[in-house]
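# Structure at a glance
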Amino acid sequence: MMYVLIFLQWICVLALAPLTVGIVRKMKAHYQNREGASILLPYWTILSLMRKEMTITRHSSWVFRVVPFVVLATAVCLALLVPSIAYGILPHAASNIFLIGAIAALGSVFLVLGGMDTSSTFGHMGSSREMTLAALVEPAFYLVLSTLGLLAGVWSLDGIVGYFAMSPWSAVVPVASITLLALLAVILAENARYPVDNPATHLELTMVHEAMILEYSGPYLAMLEYAAAIKLTVMLVLFMNLVLPFGLLHPAFGLALIPVALMVFVAKLTLGGLLVATIESTIVKMRFYRMQEYMSVAAIGALIGFILVLIGHTL
Amino acid sequence: MLSLLSKIIKTGRITEPAPSLEDAAFVEAGRNLKATIGRLYGGRSLRIRHIDAGSNNGEEYEMTALGNAYYDVERFGLSFVASPRHADILTVSGPVTRNMEHALKVAYEMTPEPRIVVAVGDGACTGGIWKGSYAVVGSVADVIPVDWQIPGDPPAPADIIRGLLKAIEQARA
Amino acid sequence: MPTSLYLYLIEAAFVLPLVGAILALVLYRVHGANTATQFLFAASGVVGTIGIAGYFVSGQGNVAIQVISGFTVTPLAAFFLALVYLGTFLTSIYAIQGLRHYKKIYSIPWLNVTSALFILGMQATIMSGSVVAFLIAWEVMSIAAYFLVIADRTDDSLRAGFLYFLMTHIGFVCLASGFLLLAQGNVFATWSDVALGAFLISPQMLSVAFLLLLAGFGSKAGLVPLHQWLPYAHPQAPSHSSALLSGTMLKVALFGFIQSLFLFPFIPMWWALVVIVVGLGSGFFGALHAAVERDAKRLLAWSSVENMGLIFSGVGIVLVLRTLPDSPVAWSLAGTMSIFVVLHTVNHFFFKTGLFLAVGAVASATHTRDLDLLGGLARAWPLFSGVFLTLALAAAALPPLGTFFGEWMYLQSLAVAMSVLPTSFAVASALIMVVLALIGGLAIFTFVKLFALVFLGRARSDHAEVTTRMFGTLLWSPLLCVVGSLLVAVSAGSVFSDVAMQDAIGRVASLSVMPGASINVWFVFALFALVIIGVYLIRRAFTNVAPVRITDTWDCGTPLTPRMQYTATGFAAPIRFFFRSVLVSRKDLIKEPIAAGNPWIARRRLDSTIGSLWEHTLYMPIAYWVMRASTWTKRLQSGVIQLYLLFVVCALAVVMIIAL
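Residues numbered from 1 in each chain as written. Chains lettered and ligands numbered in written order. Predicted model: local features only at pLDDT ≥ 70, side-chain atom pairs only at ≥ 80, totals over all residues. Heavy atoms only, no water.

### Details of helix α16 (residues 402–420) of chain C
Here α16(C) spans 27 Å end to end across 19 residues, near enough to the 27 Å set by a 1.5 Å rise per residue. Most of α16(C) is tucked away, with 18 of its 19 residues classed as buried. (Helix = DSSP H or I, 4+ residues; strand = E, 2+ residues; numbered from the N terminus. Expected span 1.5 Å × (residues − 1). Buried < 20%, exposed > 50% of the residue type's maximum accessible area, 1.4 Å probe, protein only.)

Written out as structure tokens, the structure is:
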């Protein structure tokens, strides 16, 4: 039963990851008064890229060819280890918060190496920026995760989501509100969304994530885009599961509720996509050289959230 | 402050409703293109990299218009990308100037197969009014293989869409 | 293994470097003398390691054993001795090949003699059983290290050597006075005498002694604010000596500090807080300077400052937790933090030794350590770059390498501390976690930069246009370090439980009240392996027809040159900007006129330097006032004979007044 749920959760995230990107794009198009592309377009893009030829720069080394595998592998690991449709199914030692943080960091590191191996100035610029952001987001990220662990009394994401799901909404989410806002700031930075990065830009000077993958093509590009979609999905669903911890499965509930849980999962994806699209349509991108302000706000927010939770914890 | 807010709420939106400006011919062409992409081109997603090889920017205005709320070419499954390595179609505008000849060749070389090259505008098709100038190499077809040519100075967005349709049909045939 | 056998082995490990040194002098001009000497050093390392293994395996791993009169091996000492032996082994097998290119620069026989004394000094420091033996051995080690630093006799080395010489002797004075305060002036006191005598000393005196010892050991370990010499001195030594200095000698300082903690009858909380603050400060400044550094070896030296800071902060946290009365949770956290200290000591030893040797190999092939001039070496040396990448990932504390598990222990202990300790400690833990995560983030940045700038992209200068193969023997030591780092990961939590941490591990079990405060090493390994293989197979299945075409880099129409790539300076520009208030960075536009009559026609050059906050706010003012004071006292030396006679009379008068 438990393994069924683990597998189901994994497959669901992997299968629906491109849909998240499609939903966000659709919502953004809606905000711009456009009809926009089909929400299934990312699937077609990935499939057609998988069948295309690859062109690789002669100035790259074996690292360039290894990067897509490691980046996708870390994303697939995240999909397995972060609770999305069920809780109480993963061993705590596997879903440990710091392990998940480190796996995400490993993915960023290899993406950066891929950008550095192109010998193109754009790739190098994107890498330098991405690495800076990844380094500066760590304090807020780890503190937010530990604060949630402190609140739940458990140090695995699976357990944290389980705690949120089992407690009354008004007892946990308001206490953790500031922490969750800081988590949202971290998620936006980790996934290269506004106000940190513009995922739709075609101007190299404003790119972060896109600049690193400019030199990838064909199947490798598909793998990197898929990995980015998985990471966005996983983190968005995690956020939604903490803010709205409803409709989650547990091994004790039996298999009958699986369709309901799947519908709730898709609903959460849609809400999360709407949230990201709303953020991206209502605020402007920050100048890169003001990023330390954003990161400081995230870290201070995480600290304030921690103190709130601590007060709640000791009372 | 409160009175201002309440006034805003009470007044509501007083601008006229936007008139429906659906360009029937354009939408028709777009739907055709979408169907053709789905039928012929394996995937239903086409990614375009535009290259300005020396145009007077007229074509670029029209290409940019493709992405705006009115034409919204994304709904047909087309999208613009930042690198030729990501692209399925190269659209080239303007007569190829000597300065851009190398850039065009390189961009063509690194676009992965299967690739389609579309020349957009009179300059790209024939060299236009710059034909024979010392600063110009010639039309796009003189530099790289071209699959389809869209004439016009500049061509209207609907023409571009129809041209892309023809280009795909021709390239797959 | 019988007691006598491993004792002989440890004694042999003590003697073999000396034999090597004599051999180096006897065979002064003989071809192959270096190889023979290095073999003897390596043999010393192997024999010593086996001896230590025997010590633990024989079941006597918890008693002190006298090696020779006045020198003993305790369990703690044995752990650090093992690092010295391993370091000796790893660096000397590298030096067989590694010194071959440097015959014109170093006097290799004398370098080997110095190395032998250095190795001996480290062993003796760890094994010394009394104050005087410790101080003498420490001084031998320090002086030998000085000669290693100035081995190439360039101006830079001499300057760095001078700074090191100064700082190490300030440190020595602190150590000597600290120990003498504790031993109440008896230099021949053994450690147990000192510990017993310390009960009779007033708490104020104990505090003074503690701070003196912290300053003394901290100056050697590179703790802020006494760290300034380290990033200058360590890189100047030959690469295998740098590895020994950074990987091993710093651990000897750590050993000295930990050992001297046992001399104090009690440790008040504020001492521990000082250690934490100093440790985290070193971690932050080390990480920050490493992130913006462009000299590969100096980057590694700054990273040593960072990692020693982390270890010391861990020790500080252990001390704080031990002061909490009747708190089993705090004691078990102290246990997990000691595991971090042990793990990180070993991890830092492996990755830092490996990286110094690997950078040394790069420098000997390219003749530069400047990251702004390197690049593109991964195509020339695929295997070597893989080894380097693994070491860099280890240094960045990323899974699945050993360092990650050590730092995980730190983070997890802090997280648990937040929920089980009183509020003030919980808030302190959160603040420490923020600093720690920032340090960790900067460390990732640093090592991605190091690897990417050396191995990826294109060669940024002719230096990096190498066509020669990397010598196999130069690869061995870094490869062994990779193996070591993986072994640490595999054995985390099992091997260390047997060494000195049995007590701590026993208490860790009580952490089960905090579910999820655990991590499964094998699970992480299996997951990574499975997923990467799975992804590879799926991609193969989907795209068995996708051909690959090799093209140029996308250049937007302007042919790219290697000089258009980001340099280390450019890569770290955002960090330099964000931390500009802490980094004393300066940009100068230097104008050199070309045409005499026209000031507008000039060659302009931008010079960017990064200073150190401590140098500007602490060192420079002190140096300034020392110079002022000495100029002032110089007036006494007027050369007028009458004045000197007056001094004599005054001195006599003072003496008479005191005497009467």
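### Looking at helix α17 (residues 423–455) of chain C
All names here are of chain C. Its 33 residues place the ends of α17 48 Å apart at the C-alpha level, agreeing with the 48 Å of an ideal helix rising 1.5 Å per residue. Judged by how many residues are buried, α17 sits mostly within the fold: 27 of 33 residues are covered. Trailing α17 by a residue or two, G457 shows a phi angle of about 75 degrees, which is positive.

### Regarding unusual backbone geometry
With an omega of -5 degrees, the peptide bond running from A:Y194 to A:P195 counts as cis. The topology assignment puts A:P195 in the loop between α8 (177–190) and α9 (209–212). Residue C:P225 is bonded to the preceding C:V224 through a cis peptide linkage, with omega at 0 degrees. In this fold, C:P225 is placed in the loop between α8 (203–221) and α9 (230–233). A positive phi angle, close to 80 degrees, is found at B:N57, a residue other than glycine. Here B:N57 lies in the loop between β1 (46–52) and α3 (58–66). Given a relative accessible area of 36%, B:N57 falls into the partly exposed group. Positive phi, normally seen in glycine, also occurs at C:Q184, with a value near 55 degrees. Here C:Q184 lies in the loop between α6 (155–182) and α7 (191–197).

### Observations regarding the interface of chain C and chain B
At the junction of the two partners, chain C supplies 10 residues and chain B supplies 15 residues. Here chain C meets chain B over a buried area of about 860 Å², counting both sides, of which 52% is carbon and sulfur. Summed over the three residues of chain C that lose the most area to chain B, namely C:R549, C:T551 and C:W554, the buried surface amounts to 63% of that side. Where chain C touches chain B, the interface holds five residue pairs in polar contact (both at pLDDT 80 or more). When the residues that make up the side of chain C that touches chain B are grouped by side-chain class, the tally is four nonpolar, three polar and three charged. (Contact = heavy atoms within 4.5 Å. Buried area = accessible area lost by both parts, 1.4 Å probe. Polar contact = N/O pair within 3.5 Å; in protein donor to acceptor, adjacent residues only side chain to side chain. Nonpolar A, V, L, I, M, F, W, Y, C, P; charged D, E, K, R; others polar.)

### Things to note about the sheet that holds β1(B)
Residues and elements named next belong to chain B. Pairing is parallel across the open sheet formed by five strands, whose spatial order is β2-β1-β3-β5-β7. Since the sheet does not close on itself, it has two edges, and those belong to β2 (78–80) and β7 (148–150), each with one partner. The average undirected angle you get between the axes of adjacent strands in this sheet is 30 degrees. Across five bridges, strand β3 (residues 89–93) lies against strand β5 (residues 116–120) in parallel orientation. Bridging across to β5, S93 finds its partner in V120. (Pairing = 2+ DSSP bridges. Axes fitted to C-alpha atoms, helices over the stretch in contact; angles between N-to-C directions.)

### Considering the packing of α8(A) against helix α12 (residues 291–314) of chain A
Residues and elements named next belong to chain A. Closest axis-to-axis distance for the α8/α12 pair is 7 Å, and the angle between their directions is 150 degrees. With respect to each other, α8 and α12 are oriented roughly antiparallel. With respect to the hand of their crossing, α8 and α12 are arranged in left-handed fashion. Taking contact as the criterion, the partners of I178, T179, A182, A185, L188 and A189 in α8 are, on α12, Y294, M295, A298, G301, A302, I304, G305, F306, L308 and V309. (Parallel < 35°, antiparallel > 145°, perpendicular 65-115°, else oblique. Left-handed = near helix turned anticlockwise from the far one by under 90°.)

### Topic: the packing of aromatic side chains
Summed over all chains, the structure comprises 51 aromatic pairs over all chains. Seen from their ring centres, C:F451 and C:F455 are 5.2 Å apart, and the 25 degrees between their planes marks the pair as stacked. With C:F451 and C:F455 both in helix α17, this residue pair falls four residues apart, about one helical turn. Each member of the pair, C:F451 as well as C:F455, carries the same accessibility label: buried. Taken together, the ring pairs in this structure connect C:F210, C:F257, C:F264, C:F266, C:W270, C:W271 and C:F312 into an aromatic cluster. A cation over a ring is seen here: A:R129 above A:F288, with NZ or CZ 5.1 Å from the ring centre. Taking NZ or CZ as reference, B:R115 lies 4.0 Å from the ring centre of B:Y108, over its face. (Phe/Tyr/Trp six-rings, centres within 6.5 Å; stacked < 30°, edge-to-face > 60°. Lys NZ or Arg CZ within 6 Å of the ring centre and 35° of its normal.)

### Overview of empty space enclosed by the protein
If you walk through the whole model with that rule in mind, you get eight cavities of 30 Å³ or more. In this structure, the largest cavity occupies an estimated 180 Å³ of space. Residue lining of the largest cavity: 17 residues in total, with A:E138, A:Y142, C:A397, C:E407 and C:L411 positioned closest to the centre. Elements represented by at least two residues in the lining of the largest cavity include exactly α4 (97–116) and α5 (121–152) of chain A together with α16 and α17 of chain C. For the lining of the largest cavity, the element with the most residues is α17(C), which contributes five residues. A class-by-class count of the residues in the lining of the largest cavity yields 13 nonpolar, two polar and two charged. Approximately 80 Å³ is the volume attributed to the second largest cavity. Where the lining of the second largest cavity is concerned, the elements lending two or more residues are α5, α8 and α10 (218–243) of chain A. It is α10(A) that provides the largest number of residues to the lining of the second largest cavity, a total of three residues. Classifying every residue of the lining of the second largest cavity gives 10 nonpolar, no polar and no charged. (1 Å grid on protein atoms, 1.4 Å probe; cavity = no way out; pocket = protein on both sides within 12 Å on 5 of 7 lines; lining within 4 Å. Points joined across faces, edges and corners; volume = space filled by probe spheres on them.)

### Considerations on the confidence of the model for chain C
Residues and elements named next belong to chain C. On average, residues of chain C carry a pLDDT of 86, and 93% of them reach 70 or more. Across residues 495–514, confidence stays below pLDDT 50; counting only partners more than four residues off in sequence or on other chains, it has 30 contacts. For this predicted complex, the interface confidence reaches an ipTM of 0.96, while the overall pTM sits at 0.92. (pLDDT = per-residue confidence, 0-100.)

### Considerations on the interface of chain A and chain C
How big an interface is tends to be stated in terms of accessible area lost as the parts join. Contact with chain A, which involves 76 residues of that partner, is made by 79 residues of chain C. In terms of surface lost to chain C, no three residues of chain A exceed A:W62, A:W155 and A:Y289, which account for 9% of the buried area on that side. Here chain A and chain C share two salt bridges between them. With its nearest N and O atoms 2.8 Å apart, the salt bridge here joins C:D552 to A:R58. On inspection of chain A and its partner chain C, the count reaches 18 residue pairs in polar contact (both at pLDDT 80 or more). Elements that contribute at least two residues to the side of chain A that touches chain C include exactly α2 (41–50), β1 (54–57), α3 (62–81), α4, α5, α10 and α12 of chain A. Here the element with the most residues in the side of chain A that touches chain C is α5(A); it accounts for 16 residues. Across the side of chain A that touches chain C, the residue classes break down as 47 nonpolar, 21 polar and eight charged. Relative to strand β3 (residues 548–551) of chain C, β1(A) is paired through four bridges, and the arrangement is parallel. Bridge pairing links A:T57 to C:T551 in β3(C). (Salt bridge = Lys/Arg side-chain N within 4 Å of Asp/Glu carboxyl O.)

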